[in-house]
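Understanding the architecture of this molecule
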Amino acid sequence: MRHRGIIKEKTVMWSKIQEMRTQGMSKSKIARELGINRETVSSYLSMDENHYHSWIERLRTRPKVLEPYRDKVAELLRKDRSLSSPAICDRLKELNDDFPYICEKTMYNFVKSVREQEGLPKEKSCRQYEMLEETAYGEYAQVDFGQHWMPMQDGKRIQIYFMVMILCRSRAKYVCFSDRPFTSEKAVEAHEKSFEYFGGQPKRIIYDQDTVFLNDENLGDYNLPADFMSYVAQMDFKVIFCRPRDPESKGKVENAVKYVKYNFLKAREYRGLEALQEEGIAWLERTGNGKVHCITGKAPIEELAEERKHLQPLIPYQKAEKRSDLPIRMVIKTNLFKYEGNEYSVPTGTYQGRDTRVTIADDGNTLTVMDKNGTVIAVHSKPHGKGIVIRDKNHLRDRNAVSERLAEEVKAAFKDKKQLELFIEETGRTHARYLADNLRIIKRNLNRYTEEIWNQAFRYCLDNNRHNANDLLRVCERYSRKMDAQEKRKACQTVQPECKAARQDLIPAASQISTYEQIIR
């Protein structure tokens, strides 16, 4: 039944493609209209009617490579419906040495057909949601991007990009359009226009982990692009990034993006970027912010008047200008650059290869150092003399951060942390450069010994000035063997009285005298 359905679908698809081609449509347009790959369109167009029917006939009679394994696949799915097709494929390879080589898509289609035939749909976990309480006025905003194809007057199409910012309490929105993908610099300009429209800036803004705003999450120590980092440093709002693949955490702006796509942009003709922006502002006043919101029961434009009272004041953004007349210096791999006979530091990580350059603004007493984007990354006072290395301590890598994180992870495994904390303190004092290495060894071996053994080993090492994790493990092993021996001894002592009672009832065997007489003869 499934096989007949597939053949029917392919026949309908072939007919549609042939018909659309006769209407003069291009392969790309056919692919977009039908939602299929352009290569699939090419493949169907290459077959005339006779060729197509012979191809379908081969599909009907072609034996399935995986058919001998159908029962085994069904058996695996009955045990656990959540098994994925790659997991089933691996299990079949494990059980059958002669399992044929197949592509992942073939396995996926076969498992799908078995699920449908046997009535074993894949079990999916259902995420539970709850309605959050409304946040305070001026507290939160959300930002997201969207894109949409728009028709032009000459019949061609153009892809438009836009950024939406929404205030969470009032639901007031602002949308900024662009005919090019958004960069950090363009996103900053869109923020400025949004704040100007709202009349202030919120305390916190929630973002996706988009490369426009974020280079690396870094466990909460965000690494932002230079333009956006410079902007955030001057503003008063705090950035918050969603977890990866969790769009529901900023559902308000996700809905706003759909609203812009399917209410404002749908079937609208593109007549230039400025005209589109003007039309967008008019739409916001008329519909986007003008209509009563289905959740709050109030029009966002009316609520915005109240939210403006709680927004933080606007701050003028001072963008560092790129000047071609300023001296440029090369950054070496130690994150230093030379200038007038001295060496100056830049933040760790500035060096990105042999082409890394910085621009210097020298007013006679102070050097202002800027990166290639014009963002200020360092400020140094000029010393008197030559051959001096001027370092800013803030530019150095935080070498204690890793040790502190490892120490917290190790401490979390102990109820009584006193001995552990003393050991860490002494190790840090005597072997500061190797503290992180020592903590890693302890962390890897936490499950090998009980907390009692660890604390005994900590006390022993502290009493004997042995602040080394390898020595600590040897002491743990010794205490572990000692405790095992004590347990065995206790077990033996428990059994010993029973053994004595049993021996008292034993009667020794007596030899017969005839046995010895036979030996003598």
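Summary of the structure given here. (Residues numbered from 1 in each chain as written. Predicted model: local features only at pLDDT ≥ 70, side-chain atom pairs only at ≥ 80, totals over all residues. Heavy atoms only, no water.)

A word on the overall build of the protein chain. What the protein chain contains, in helices and strands, is 18 helices and twelve strands. Counting only residues that meet the buried cut, the protein chain has 36% of its 521 residues in that class. Partitioning the intrachain contacts of the protein chain with sequence separation of at least 6 by distance along the chain shows that 62% fall at a separation of at least 24. About 33600 Å² of surface is accessible on the protein chain, with carbon and sulfur atoms providing 48% of the total. (Helix = DSSP H or I, 4+ residues; strand = E, 2+ residues; numbered from the N terminus. Buried < 20%, exposed > 50% of the residue type's maximum accessible area, 1.4 Å probe, protein only. Contact = heavy atoms within 4.5 Å. Areas by Shrake-Rupley, 256 points an atom, 1.4 Å probe, with all protein chains shown as cover.)

A word on the packing of helix α5 (residues 70-79) against helix α6 (residues 85-95). Orientation of α5 relative to α6, taken along the N-to-C sense of each, is 125°, at an axis distance of 11 Å. What the angle tells us is that α5 and α6 run oblique. Of the two possible hands of crossing, α5 and α6 adopt the one that is right-handed. Contacts between α5 and α6 involve Lys 72, Val 73, Leu 76 and Leu 77 from the first element and Ile 88, Arg 91, Leu 92 and Leu 95 from the second. Here the contact of α5 with α6 is built from residues that sort into six nonpolar, no polar and two charged. (Axes fitted to C-alpha atoms, helices over the stretch in contact; angles between N-to-C directions. Parallel < 35°, antiparallel > 145°, perpendicular 65-115°, else oblique. Left-handed = near helix turned anticlockwise from the far one by under 90°. Nonpolar A, V, L, I, M, F, W, Y, C, P; charged D, E, K, R; others polar.)

Here we take up a negative patch on the surface. Residues Glu 404, Glu 408, Asp 416, Glu 421 and Glu 425 make up a contiguous surface patch of negative charge. Of all the secondary-structure elements, those providing two or more residues to the negative patch are α13 (400-411) and α14 (418-430). (Patch = residues over 30% accessible without salt bridge, like charges linked within 9 Å, V, L, I, M, F, W, Y side chains within 5 Å. Salt bridge = Lys/Arg side-chain N within 4 Å of Asp/Glu carboxyl O. Lys, Arg positive; Asp, Glu negative; His and termini not counted. Charge placed at Lys NZ, Arg CZ, Asp CG, Glu CD.)

A few words on the side chain of Asp 227. Checked against the element boundaries, Asp 227 lands in helix α9 (residues 226-234). Those residues in contact with Asp 227, other than ones at most four positions away along the chain, are Ser 184, Glu 185, Val 188, Tyr 317, Asn 373 and Thr 375.

Another point: the environment of Ser 46. Considering the arrangement of structural elements, one finds Ser 46 in the loop between α3 (38-45) and α4 (49-61). Judged by relative accessible area, which is 54%, Ser 46 ranks as exposed. In this structure the side chain of Ser 46 is engaged in a polar contact, spanning 2.6 Å, whose partner is the backbone oxygen of Ser 43. (Polar contact = N/O pair within 3.5 Å; in protein donor to acceptor, adjacent residues only side chain to side chain.)

For the rest of this paragraph, the subject is the packing of helix α8 (residues 184-198) against α9. Helix-helix packing is characterised by the crossing angle of the two axes and by the distance between the axes. Two elements in contact, α8 and α9, have axes separated by 7 Å at closest approach and are oriented at 30°. The pairing of α8 with α9 is recorded here as roughly parallel in orientation. In this structure, the crossing between α8 and α9 has a hand that is right-handed. On α9, the residues that touch Ser 184, Glu 185, Val 188, His 191, Glu 192 and Phe 195 of α8 are Asp 227, Phe 228 and Tyr 231. Here the contact of α8 with α9 is composed, by residue class, of four nonpolar, two polar and three charged.

Two modes of strand pairing occur in sheets, parallel and antiparallel, and in both the strands are linked by backbone hydrogen bonds. Judged by pairing direction, the sheet is mixed, and its three strands sit side by side in the order β7-β8-β12 without closing on themselves. Of all the strands in the sheet, just β7 (336-339) and β12 (389-390) have a single pairing partner and so form its edges. The sheet contact formed by strand β8 (residues 342-345) and β12 spans two bridges and is parallel. Note on β12: the bridge partner recorded for Tyr 344 is Ile 390. (Pairing = 2+ DSSP bridges.)

Moving on, we get to the packing of aromatic side chains. According to the stated counting rule, one finds 22 aromatic pairs in the structure shown. Consider the rings of Phe 162 and Phe 177, whose centres lie 6.0 Å apart with planes at 55°: the pair is tilted. Of this pair, Phe 162 sits in strand β2 (residues 157-167) while Phe 177 is found in strand β3 (residues 173-178), placing the two residues 15 residues apart along the sequence. Here Phe 162 and Phe 177 have matching classes, each one buried. For the cation-ring pair, Arg 478 lies above Tyr 460, with the distance from its terminal atom to the ring centre recorded as 4.8 Å. (Phe/Tyr/Trp six-rings, centres within 6.5 Å; stacked < 30°, edge-to-face > 60°. Lys NZ or Arg CZ within 6 Å of the ring centre and 35° of its normal.)

Our next topic: the pairing of strand β11 (residues 376-381). Bridge count for strand β10 (residues 366-370) against β11 is five bridges, and the pairing is antiparallel. Bridge pairing in β11 links Leu 367 to His 380. If you look at the hairpin formed by β10 and β11, you'll find five residues sitting between the two strands, and Gly 374 has a positive phi there, around 85°.

Before going further, it helps to examine unusual backbone geometry. Unlike most non-glycine residues, Arg 171 shows phi in positive territory, near 65°. With respect to the element layout, Arg 171 can be found in the loop between β2 and β3. The exposure class of Arg 171 is buried, given its relative accessible area of 5%. The phi dihedral of Asn 335 falls on the positive side, at around 60°, and the residue is not glycine. Considering the arrangement of structural elements, one finds Asn 335 in the loop between β6 (328-330) and β7.

Turning our eyes to something else, we now look at the nonpolar core. Formed by 50 residues in total, the largest nonpolar core has its most connected members in Phe 177, Phe 198, Tyr 207, Phe 213, Phe 228, Phe 237 and Val 260. Top contributing element to this core by residue count: β2, with nine residues. If near-sequence neighbours (up to four positions away) are discounted, Phe 237 is found in contact with His 191, Phe 195, Gln 201, Pro 202, Lys 203, Ile 205, Tyr 207, Tyr 231, Val 232 and Gln 312. Residues Leu 420, Ile 453, Cys 461 and Leu 472 belong to the second largest nonpolar core, which totals 26 residues. (Core = buried A, V, L, I, M, F, W, Y, C linked by side-chain atoms within 4.5 Å.)

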